[in-house]
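# Chain and residue survey
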Amino acid sequence: MNKQEEIAALAILIHDLRMHKKYTLKELADKIGRSVGFLSQVERGLSRPTVADLTAISETLGVPTTYFYSLPKPKQVPWVTRPDERRTLYYANGITDILVSPQMRASFSMLESHLEPGASSGDRQMSDSSEQGGYVLEGELTLWLGDDEDPVTLRPGDSFQFDSHTRCRYGNLTQQRTRVLWVYT
């Protein structure tokens, strides 16, 4: 799929899940702290959510964030993914996530995140039901965890891990692209 098809597929997944869970646009918008207009634009593929927005949507609707990567692409080998077989999510604020795991039903999932210069997960901290870890492949990743005001900056070769439901946000505060391999349980 190309970028526009990926954005449209995400919009449909969010809309269909909201309808299935019997939430109105207003109810979901209120729960995630966004406007009805914004959420409506996301569901029509006109706006992209931030990482924090999609995490809040998944938590509110009772699914892991990896749910939104669930559109299958045909694979030559079921336990291998090749670059042209991967699902990609394009977020607002300059972040792109690529599902590199061959399957979603395993005990963990892997994502490769690309953060453009100045990109961030959003201004609000988020909390995910998955335990998370990561490895910085390129550039710098700045992480803010919990109530700690002081961020930690990670560079290539650095790794991190934190428990499920840990509140966090992250960003690329540099002028070069950052790539991170994330692992979610």
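Now for a look at the structure at hand. (Residues numbered from 1 in each chain as written. Predicted model: local features only at pLDDT ≥ 70, side-chain atom pairs only at ≥ 80, totals over all residues. Heavy atoms only, no water.)

### Considering the pattern of salt bridges
We apply this condition: For salt bridges, the criterion is a side-chain nitrogen of Lys or Arg within 4 Å of an Asp or Glu carboxyl oxygen. For the purposes of this entry, the term helix denotes a DSSP run of H or I that reaches at least four residues, the term strand denotes a run of E that reaches at least two, and both are numbered from the N terminus. Exposure is judged per residue with a 1.4 Å probe applied to protein chains only, and the accessible area is read against the type maximum: over 50% gives exposed, under 20% gives buried, and values in between give partly exposed.
Under the defined criterion, the tally for this structure stands at nine salt bridges. Among the ionic pairs, Asp53 bridges to Arg34, the shortest N-O distance being 3.0 Å. Here the residue Asp53 occupies a position in helix H4 (residues 51–61), and Arg34 occupies one in the loop between helix H2 (25–32) and helix H3 (36–43), the gap between them amounting to 19 residues. As a salt-bridge pair, Asp147 and Arg167 come within 2.3 Å of each other at their nearest N and O atoms. Note that Asp147 is positioned in the loop between strand E5 (141–145) and strand E6 (152–154) and Arg167 in the loop between strand E7 (159–162) and strand E8 (168–171), a separation of 20 residues in sequence. Residue classification places Arg167 among the partly exposed positions, given a relative accessible area of 37%. One connected set of salt bridges, linked through shared partners, spans Arg34, Asp53 and Arg124.

### Remarks on the packing of aromatic side chains
Geometrically, a pair of aromatic rings is defined through the distance of the ring centres and the angle of the planes. Where we set the bar: Pairing of aromatic rings covers Phe, Tyr and the six-membered ring of Trp, with a centre-to-centre limit of 6.5 Å; geometry is then stacked below 30 degrees between planes, edge-to-face above 60, and tilted otherwise. We count a charge as sitting over a ring when the NZ of a lysine or the CZ of an arginine lies within 6 Å of the ring centre and within 35 degrees of the ring normal.
For the coordinates displayed, the defined rule picks out five aromatic pairs. Relative to Phe162, the ring of Phe160 lies with its centre 6.0 Å away and its plane at 15°, an arrangement referred to as stacked. A single burial state applies to Phe160 and to Phe162, both of which are buried. A connected cluster of aromatic rings, assembled from ring pairs, spans Phe160, Phe162, Tyr170, Trp182 and Tyr184. Note that Arg34 overlies the ring of Phe38, its terminal NZ or CZ placed 3.8 Å from the centroid.

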